[in-house]
Amino acid sequence: MTPSPTHHPADDTLLRHAAGRLSAGATLVVATHLAGCPHCQLAARLGEAIGGVLLADTAPAAMATDALDRTLARLDTPASIARPPANATDPVPDLAPGVPMPAPLRHVARRPWRWVAPGISRIRLDLAGAAPGEHAYLLRVAPGATLAEHGHRGEEITCVLSGQFRDSTGLYGPGDVAEMDVGQDHQPITEPGAVCICLIATQGRLRMRGTLARLLQPLVGV
Ligand SMILES: [Zn+2]
């Protein structure tokens, strides 16, 4: 039985998710965490309920005459996460042996792994509605590997799908979420024993530390 996650999204992140205010990539990461976290599922339902109460208590305001038409048109627009697969009968490939594809990723992660560096490969995710400069990808890292130290020009949110990594903020295992903000640096190191696969969404390009990492950044594309 998979242990429950111990690192959860921040309360503010869960509230923004409930209000539909997260970016496309962060929405996918939080949805993936929620799928395996009863604790946050309850918090998310509470957030949605509170939002409903606040709406109910809000004084009615005049709306544009075309508001209903525009809302219905948006409902007809395919969304990245709700988009049905090209062929719903296709078998969903596992991410790795013994690592099933999480349900929120089944329609967006159907590409093969692409080599990035020794011990590291990636699947880039094309999300409808992604903000300019937003990147979402799956990263697969061999056990016991040290990633390049880097900082962030925007928010980064990660959900571990298998294996474990640690950095200066803690140890993260399956289902755990790590959030990094502008100005925070870290250097993830995967734990020995199992391949580590993470779902990551970033805003803006990373600030790579070290000459070699900066030289490789255009090839890595993050
Ligand atoms: Zn949680």
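Rules of the game
Residues numbered from 1 in each chain as written. Predicted model: local features only at pLDDT ≥ 70, side-chain atom pairs only at ≥ 80, totals over all residues. Heavy atoms only, no water. Helix = DSSP H or I, 4+ residues; strand = E, 2+ residues; numbered from the N terminus. Buried < 20%, exposed > 50% of the residue type's maximum accessible area, 1.4 Å probe, protein only. Contact = heavy atoms within 4.5 Å. Areas by Shrake-Rupley, 256 points an atom, 1.4 Å probe, with all protein chains shown as cover. Polar contact = N/O pair within 3.5 Å; in protein donor to acceptor, adjacent residues only side chain to side chain. Phe/Tyr/Trp six-rings, centres within 6.5 Å; stacked < 30°, edge-to-face > 60°. Pairing = 2+ DSSP bridges. Axes fitted to C-alpha atoms, helices over the stretch in contact; angles between N-to-C directions. Salt bridge = Lys/Arg side-chain N within 4 Å of Asp/Glu carboxyl O. Core = buried A, V, L, I, M, F, W, Y, C linked by side-chain atoms within 4.5 Å.

A. Looking closely at the overall build of the protein. In terms of regular secondary structure, the protein is built from 5 helices and 11 strands. Counting only residues that meet the buried cut, the protein has 40% of its 222 residues in that class. Sequence-distant contacts in the protein: of pairs separated by 6 or more residues, those separated by 24 or more amount to 66%. Of the roughly 12,700 Å² of accessible surface on the protein, a fraction of 59% belongs to carbon and sulfur atoms.

B. Seen up close, the environment of D167. Examined against the element boundaries, D167 turns out to sit in strand β6 (residues 165-167). Given a relative accessible area of 12%, D167 falls into the buried group. Not counting chain neighbours up to four residues away, the residues in contact with D167 comprise Y172, H186, Q187 and P188. A distance of 2.7 Å separates polar atoms of two side chains, one belonging to D167 and the other to H186.

C. Spotlight on the packing of aromatic side chains. In the structure shown here, the tally under the stated rule is 1 aromatic pair. Geometrically, the ring pair formed by F165 and Y172 is stacked, given 5.1 Å between the ring centres and 20° between the ring planes. Take F165 and Y172: they sit in the same class, and that class is buried.

D. Region of interest: the pairing of strand β1 (residues 114-117). Sheet topology places β1 next to strand β2 (residues 120-124); 3 bridges connect them, and they run antiparallel. Counterpart to A117 in the pairing with β2 is I120. Between β1 and β2, which follow one another and run antiparallel, lie 2 residues, and G119 among them has a positive phi close to 85°.

E. Region of the structure containing the sheet that holds strand β8 (residues 177-180). Overall, antiparallel pairing links the 6 strands, which are arranged β1-β2-β3-β10-β5-β8 in an open sheet. Because the sheet does not close on itself, it has two edges, and the strands there are β1 and β8. For this sheet, the mean inter-axis angle between neighbouring strands, taken without regard to orientation, is 30°. Contacts between helix α2 (residues 24-35) and the sheet are confined to β3 (134-141), β5 (156-162), β8 and β10 (196-203), with β5 contributing the most and set at about 35° to the helix.

F. Expanded view of the pattern of salt bridges. In total, this model carries 4 salt bridges according to the counting rule given. In this structure, R111 and D126 form a salt bridge, with 2.3 Å as the shortest nitrogen-oxygen distance. Here the residue R111 occupies a position in the loop between α4 (67-75) and β1, and D126 occupies one in the loop between β2 and β3, the gap between them amounting to 15 residues. Judged by relative accessible area, R111 falls into the partly exposed class, the value being 42%. Judged by relative accessible area, D126 falls into the partly exposed class, the value being 44%. Three or more residues joined by partner-sharing salt bridges are found here, namely D12, R16 and E155.

G. Structural view of the nonpolar core. Membership of the largest hydrophobic core comes to 29 residues, with the highest contact counts inside it found for L105, L125, L138, L161 and L199. For this core, the secondary structure elements donating two or more residues are α2, α3 (38-57), β3, β5 and β10. Among the elements that line this core, the one with the most residues is α2, at 6 residues. Membership of the second largest hydrophobic core comes to 15 residues, among which are I120, V141, C198 and I200.

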